[in-house]
Amino acid sequence: MIKRKYMRTRQLKPGMKLDHPVVDRLGRNLVARGVPLDDYLIDSLIKLGIMSVYIQIGEDAEEKEALPVSEKAKENIEKLRTEDRSKVTLSASVRERVSTGIQFIYNNADSEEMTAATETIADDLMNAINNNDAIAIDISALKTSDEYTFKHSVDVATIAMIVAKQQGLSSKEIHEIGVTGLLHDIGKTRIPLSVLNKPGKLNDEEFAIMRQHSTYSYQMIKDKPEFTPGICLGVLQHHEKINGKGYPLGVTEEKICPYARILAVADIYDALVTERPYKKAYSQRDAIEMIMSMTMELDITAMKSFMESMILYPVDSIVELSNGEKARVVKNIPHYILRPTVVGLTSGKVYELGEDLSCANIIIL
């Protein structure tokens, strides 16, 4: 039986097979599903900015990766295992629609159909949240496109919608913030490709050009009656900081709209955990810690709701502890996103990382 595994592109080896096709912005097939990879194809994927993929694995390969579990560990895992809060899940058909839709939006930003396509994607995401009353998100489980800008827009929209729900916003507001997230980077279609795809740090002149994308995004949607002032302002202000050191306006906390406050957190987090040609991805843990350190820049309410919405280590994940033991996650605690309850696979010991002071010196690596 063929199964799939999520891998960083730089970890691929010749002979591995992708479990999905790779297409360009126009939908043209670049690498077909099931084709054995070679060094040339792997290098090409990296140059295209495709930094993670699903590969095909057989059951025997999966079994080799299985770790031994002591009887005591099995007993404690069974006794303590608590399902995660309901998470956003996208069915295969929804993923396909969302992937196709977001590519259409960014490739046809000036078309009359762009507005309807945006609303349709926001509806799909809204339904995915409502269908299982989702109140949390496992960002590593989102997979809508292999192209960075498309995937980033959907990730940011989804995260922002869940954070908005956590804050108690209305269904209309949650939908609107989804639209805002989908469109926040559409102005990048006006940025020269030499700047947008530069495989290195931007110089001051190039960075000034890149910073114009939020203004471009705003200009592209502000006259469309379907997009409310809240959506347009959220798109314009998603890089503003509460200390006034953001852009394009440099406004302070009281002048930043609610949608932009939420979007800023979602945007920074997803950018941090995504690998790009000019930077390596931060681990989810490091990204969370960076978000936690930005209290002078990000809205504290949005940060708190974000922390309570994210599931960093899904139940049943295998993690490595700083004491050298591998452990299985059995319970997540919303207020302690970095410190779930885990069971050591060898010792069977229960580590209540978030609530037991005796575990204070143990972290997940």
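Throughout, a residue's number is its position along its own chain's written sequence, starting from 1. It should be noted that, the model being predicted, local features are given only for residues of pLDDT at least 70 and side-chain atom pairs only at 80 or more, the latter also being counted only at that level, while totals for whole chains, interfaces and linings use all residues. Only heavy atoms go into the side-chain values, all of them from the structure, while hydrogens and water stay out.

Colleague: Just checking my understanding: could you explain unusual backbone geometry for this structure?
Modeller: Note on backbone geometry: most residues besides glycine have negative phi, and most peptide bonds are trans. Geometrically, the link from tyrosine 247 to proline 248 is a cis peptide bond, its omega value of 10° lying close to zero. Runs of E in the DSSP output that reach at least two residues are strands. Runs of H or I that reach at least four are helices, and both are numbered from the N terminus. Mapped onto the elements of the fold, proline 248 is located in the loop between helix H11 (229-237) and helix H12 (258-273). Backbone geometry at aspartate 316 places phi at a positive 90°, although glycine is not the residue there. Within the element layout of this structure, aspartate 316 appears in the loop between helix H14 (300-309) and strand S5 (318-320).

Colleague: Would you mind showing me how to read the pairing of strand S7 (residues 341-344) here?
Modeller: On any regular strand, side chains alternate: one points to one face of the sheet, the next to the other face. Of the two faces of S7, the one carrying Thr341 and Val343 and the one carrying Val342 and Gly344 are both buried. Sheet topology note: the strand S6 (residues 326-331)/S7 ladder contains four bridges and is antiparallel. Bridge pairing in S7 links lysine 331 to threonine 341. Whether two strands pair depends on DSSP finding at least two bridges between them. Two elements, S7 and strand S8 (residues 350-352), share three bridges in a ladder whose sense is antiparallel. Only protein chains enter the area calculation, which uses a 1.4 Å probe; residues under 20% of their type maximum are buried, those over 50% are exposed, and those in between are partly exposed.

Colleague: So what exactly am I meant to see when it comes to the sheet that holds S5 here?
Modeller: Sheet strands line up and pair through hydrogen bonds in the backbone, either parallel or antiparallel. On the basis of which strands lie adjacent, the open sheet formed by four strands has the order S5-S6-S7-S8 and antiparallel pairing. Of all the strands in the sheet, the pair left with one neighbour each is S5 and S8. Pairs of neighbouring strands in the sheet enclose a mean axial angle of 40°, with direction left out of account. As paired strands, S5 and S6 are joined by three bridges and run antiparallel to one another. Bridge pairing in S6 places isoleucine 318 opposite arginine 328. Lines fitted to C-alpha atoms define the axes, with helix axes restricted to the stretch in contact, and inter-axis angles between N-to-C directions lie between 0 and 180 degrees.

Colleague: Would you explain helix H10 (residues 213-221) in this entry?
Modeller: Helical geometry: 3.6 residues make up each α-helical turn, so side chains three or four residues apart lie on a common side. If you check which residues of H10 are buried, you get His213, Ser214, Ser217, Met220 and Ile221. End-on, the buried residues of H10 take up no more than an arc of 125°, which puts them together on one face. Only heavy atoms enter the contact rule, under which two residues are in contact if any of them lie within 4.5 Å. In this structure, the buried side of H10 is in contact with helix H5 (113-131), helix H7 (171-183), helix H9 (204-210) and H11. The arc in question is the one traced by the directions running from the helix axis out to the C-beta atoms.

Colleague: In this structure, what is going on with the pattern of salt bridges? I would like to understand it.
Modeller: When a carboxyl oxygen of Asp or Glu is within 4 Å of a side-chain nitrogen of Lys or Arg, the pair counts as a salt bridge. What the rule picks out here adds up to 15 salt bridges. As a salt-bridge pair, aspartate 316 and arginine 81 come within 2.7 Å of each other at their nearest N and O atoms. Pair noted here: aspartate 316 is in the loop between H14 and S5 and arginine 81 is in the loop between helix H3 (71-80) and helix H4 (92-107), with a separation of 235 residues, a long-range link. Here aspartate 316 falls in the partly exposed class, since its relative accessible area comes to 30%. Between glutamate 176 and lysine 172 there is a salt bridge, with its nearest N and O atoms 2.7 Å apart.

Colleague: Would you mind showing me how to read the packing of helix H13 (residues 284-292) against H14 here?
Modeller: Any two packed helices are characterised by the angle at which their axes cross and by the distance between the axes. At their nearest, the axes of H13 and H14 sit 11 Å apart, and the two run at 155° to each other. Taken as axis vectors, H13 and H14 run roughly antiparallel relative to one another. The chirality of how H13 crosses H14 is left-handed. Contacts from Ile288, Ile291 and Met292 in H13 reach Met303, Phe306 and Met307 in H14. By the definition adopted for this analysis, an angle is roughly parallel if under 35 degrees, roughly antiparallel if over 145, roughly perpendicular if from 65 to 115, and oblique otherwise. Handedness of a helix crossing follows the sense of rotation of the near helix relative to the far helix, less than a right angle counterclockwise being left-handed and clockwise being right-handed.

So yeah, pure geometry; function would need other evidence.
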